[in-house]
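Fold and contact review
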Amino acid sequence: MKEESSDLMIVGAGPAGLSAAIYARRQGLVTTVFGDMPGGNLYMIQKVSNYPGFKDGVPGMQLGSFIFSQAQSEGANLTMTNVERLEKNGSSFIVVDTNGARHSSPAAIIATGGKPKRLAVENSNLEGIHTCAMCDGPLYRGKEATLAVVGSGDRGGHLCLLLSIIGRKIILLDTNAALEMNAALQSAVAELDNVEILLGTEILAFTGENDIDGVQVSTGGGPPKKIAVDAVFLAAGWKPNTAMISFPLKTTPQGYIITDEKLMTSCPGLYAVGDVRDSDVKQILTSCADGARAAVYATEWLRGQNS
C-alpha cells in the first residue's frame, strides 16, 4: 500500500487538532488530520456556554461541526479515520491508521485529548454504567429512572443539567466536601428540583447481576449503604489518550505529555496540544489556542529544518 505524505500530521479532530489544521493550512502546510468524530469530545456537551461569540451558548456537537467545516474549507485533509499507531522512523513520523494505511510527515501534532476515567471498584463493568449522557441518557427517557452522576466538576454539572430532563431523580455523588463545578453551573444545578447532592460520599462498589441496580456508598465515613439506581453516569475525571504513541515521550506521572514553551514535546518535531498535554487550564478555548500556536511553531521549525 502506498504511503501518503504531508508536511504535517495532526492526530485528533477535537478543537485543538482542528484549530491546528486551520492555522497550518493558512501557513501553507499540506496538512492531514486523523479522527473520526468532528469536534472530538465536544459531542458530550449539551451546551457550551463559555465560548466567545455564542452569548446564548452553542451545542457542543454543533460547535465541533463548525470548526470541522472551517478546517475543511481551508483545505485540510480530514481522513475521518483513527490512528492505530504513531511511530518515529528516522526524521519522519509514521501514522498507521485503523484501515492499515500508512502516512508520513516530518512534523506532527498530538491532539488526542482524554478519555473518561472508570472507577476501580467492584462491578465497574456492569451494564448501565455510562460516560456519555448525550449518547446514553435517552435510553432512560420515559422510564421514571433514578440516575446517579459520579463527580461534581464541570462535567458532572453538565450531566446533571442534561439528565434532569430525562430521569425522575438525579443523585450527584462526590467524595469531596464541596462542589468542584464553576459558580454558574452550581447556580443552574441548584435550581433543579429533581437533583439530590451527596458530598463527602465514597463509592465502594456497584451492585447488580448483569445490569446495575445500585451503588454502595459510605457518606462521611459512616457505614456502607446501598442507593438504588437505574444507571450511573461517570464524571470522575479524565486520563490522557496516548496509547497510540509507540515511542517514549516525557510525561507527568499521570501520563500527560510535557511540552516546552513552544508546545514541542521531548521528541523534536512532535507537538502536543489541548487536554493531552500537561497544562494548568483545560478548556475548549485554551485548546484552540494551543492548536493555533503549535501550527505556527511547527511551521517555523519545518522552515528551519529546510534552510
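Please read all numbers here as calculations on a predicted model, not as lab measurements.

This next bit is on the overall build of the protein chain. For the protein chain, the count of helices and strands is six helices and 19 strands. Here the C-alpha radius of gyration of the protein chain, 21 Å, is about what a compact globule of 307 residues would show, namely 19 Å. By residue count, 50% of the 307 residues in the protein chain fall in the buried class.

Ranked by internal contacts, the top residues of the largest apolar core, which has 35 residues, are Leu8, Ile10, Leu63, Ile109 and Tyr271. If you list the elements that add at least two residues to this core, you get strand 2 (8-11), helix 1 (15-26), helix 2 (60-73), strand 8 (107-110) and helix 6 (284-306). Looking at this core, the element that brings in the most residues is helix 6, giving seven residues. Setting aside anything within four residues of it in sequence, one finds isoleucine 10 in contact with Gly17, Ala20, Ala21, Thr31, Thr32, Val33, Phe34, Ile109 and Ala111.

This next bit is on the packing of helix 1 against helix 6. Between helix 1 and helix 6, the shortest axis-to-axis distance is 7 Å and the interhelical angle comes to 35°. Pair helix 1 / helix 6 crosses with right-handed handedness. Contacts between helix 1 and helix 6 involve Pro15, Ala16, Ser19, Ala20, Tyr23 and Ala24 on the former and, on the latter, Ile284, Ser287, Cys288, Gly291, Ala292, Ala295 and Val296.

Right, let's get into the state of the cysteines. Evaluation of the coordinates by the stated rule reveals one disulfide. Two residues share a disulfide in this structure: cysteine 132 and cysteine 135, whose sulfurs sit 2.3 Å from each other. Between cysteine 132 and cysteine 135, the S-S dihedral sits near 70°, and the bridge is therefore right-handed. Taking the relative accessible area as the measure of exposure, cysteine 132 reaches 3% and is therefore buried. Left unpaired, cysteine 160 is separated from the closest cysteine sulfur, that of cysteine 132, by 15 Å.

The parallel open sheet is built from five strands, whose spatial order is 10-17-11-12-13. Two strands lie at the open edges of the sheet, namely strand 10 (129-130) and strand 13 (195-198), each paired on one side alone. As defined by bridge partners, strand 11 (residues 146-150) adjoins strand 12 (residues 169-173) across five bridges and the pair is classed as parallel. In the strand pairing of strand 12, valine 149 is matched with leucine 172. Of the strands in this sheet, strand 11, strand 12, strand 13 and strand 17 (231-234) are in contact with helix 4 (residues 154-163), which crosses strand 11 at around 165°.

Looking now at helix 1. For helix 1, spanning twelve residues, the distance from its first C-alpha to its last is 17 Å, which sits close to the expected 16 Å at 1.5 Å a residue. Counting buried positions over the twelve residues of helix 1 gives nine, a clear majority of the element. Along helix 1, the residues classified as buried are Pro15, Ala16, Gly17, Leu18, Ser19, Ala20, Ala21, Ile22 and Ala24. Buried positions along helix 1 lie against strand 2, strand 3 (31-34), helix 2, strand 4 (77-78), strand 8 and helix 6. Of the residues flanking the end of helix 1, it is glycine 28, one or two places downstream, whose phi is positive at about 90°.

All right, on to the layout of surface pockets then. The computed volume of the second largest pocket comes to approximately 230 Å³. What lines the second largest pocket is a set of 17 residues, among which Val150, Gly151, Asp174, Thr175 and Ala236 lie closest to the centre. Broken down by element, the residue count for the lining of the second largest pocket peaks at three residues, all from strand 14 (residues 201-208). Of the residues belonging to the lining of the second largest pocket, the class tally is seven nonpolar, seven polar and three charged.

To continue, consider the pairing of strand 11. The buried fraction of strand 11 is high, at five of five residues. Across the two faces of strand 11 the burial is the same, with Thr146, Ala148 and Val150 and Leu147 and Val149 all buried. As defined by bridge partners, strand 11 adjoins strand 17 across four bridges and the pair is classed as parallel. Within the sheet, the bridge partner assigned to valine 150 lies in strand 17 and is leucine 234.

About the thresholds
Along each chain, numbering runs from 1 in the same order as the chain's sequence is written. Totals for whole chains, interfaces and linings use every residue, but because this is a predicted model, local features are given only for residues with pLDDT of at least 70 and side-chain atom pairs only at 80 or more, for both listing and counting. The side-chain values count all of the structure's non-hydrogen atoms but skip hydrogen atoms and water molecules. By definition, any uninterrupted DSSP run of H or I lasting at least four residues is a helix, any uninterrupted run of E lasting at least two residues is a strand, and each is numbered from the N terminus. For a compact globule the rule gives 2.2 Å times the number of residues to the power 0.38, and the radius of gyration it is set against comes from C-alpha atoms. The cut-offs for exposure are 20% and 50% of the maximum accessible area for each residue type, with area from a 1.4 Å probe on protein chains only; residues under the lower value are buried, those over the upper are exposed, and the others partly exposed. The nonpolar core is taken to be a set of buried Ala, Val, Leu, Ile, Met, Phe, Trp, Tyr and Cys residues, with the residues joined through side-chain atoms within 4.5 Å. Working rule for contacts: check all heavy atoms of both residues, and any pair within 4.5 Å makes them a contact. Throughout, an axis means a line fitted to C-alpha atoms (over the contacting stretch in the case of helices), and angles, computed between N-to-C directions, take values from 0 to 180 degrees. Helix crossings are classified by the rotation of the near helix relative to the far one: an anticlockwise turn of less than a right angle makes the crossing left-handed, while a clockwise turn makes it right-handed. Two cysteine sulfurs form a disulfide in these notes if their separation is within 2.5 Å. Following DSSP output, two strands are said to pair if at least two bridges run between them. Here, expected helix span is obtained from the residue count minus one, scaled by 1.5 Å. Both cavities and pockets are sets of points on a 1 Å grid over the protein atoms alone; in a cavity a 1.4 Å probe fits but cannot get out, in a pocket the set is open with protein on both sides within 12 Å along at least five of seven lines, and lining residues sit with an atom within 4 Å of a point. Grid points are joined across faces, edges and corners, and a volume is the space filled by probe spheres set on the points. The classification used treats Ala, Val, Leu, Ile, Met, Phe, Trp, Tyr, Cys and Pro as nonpolar, Asp, Glu, Lys and Arg as charged, and all other residues, Gly among them, as polar.

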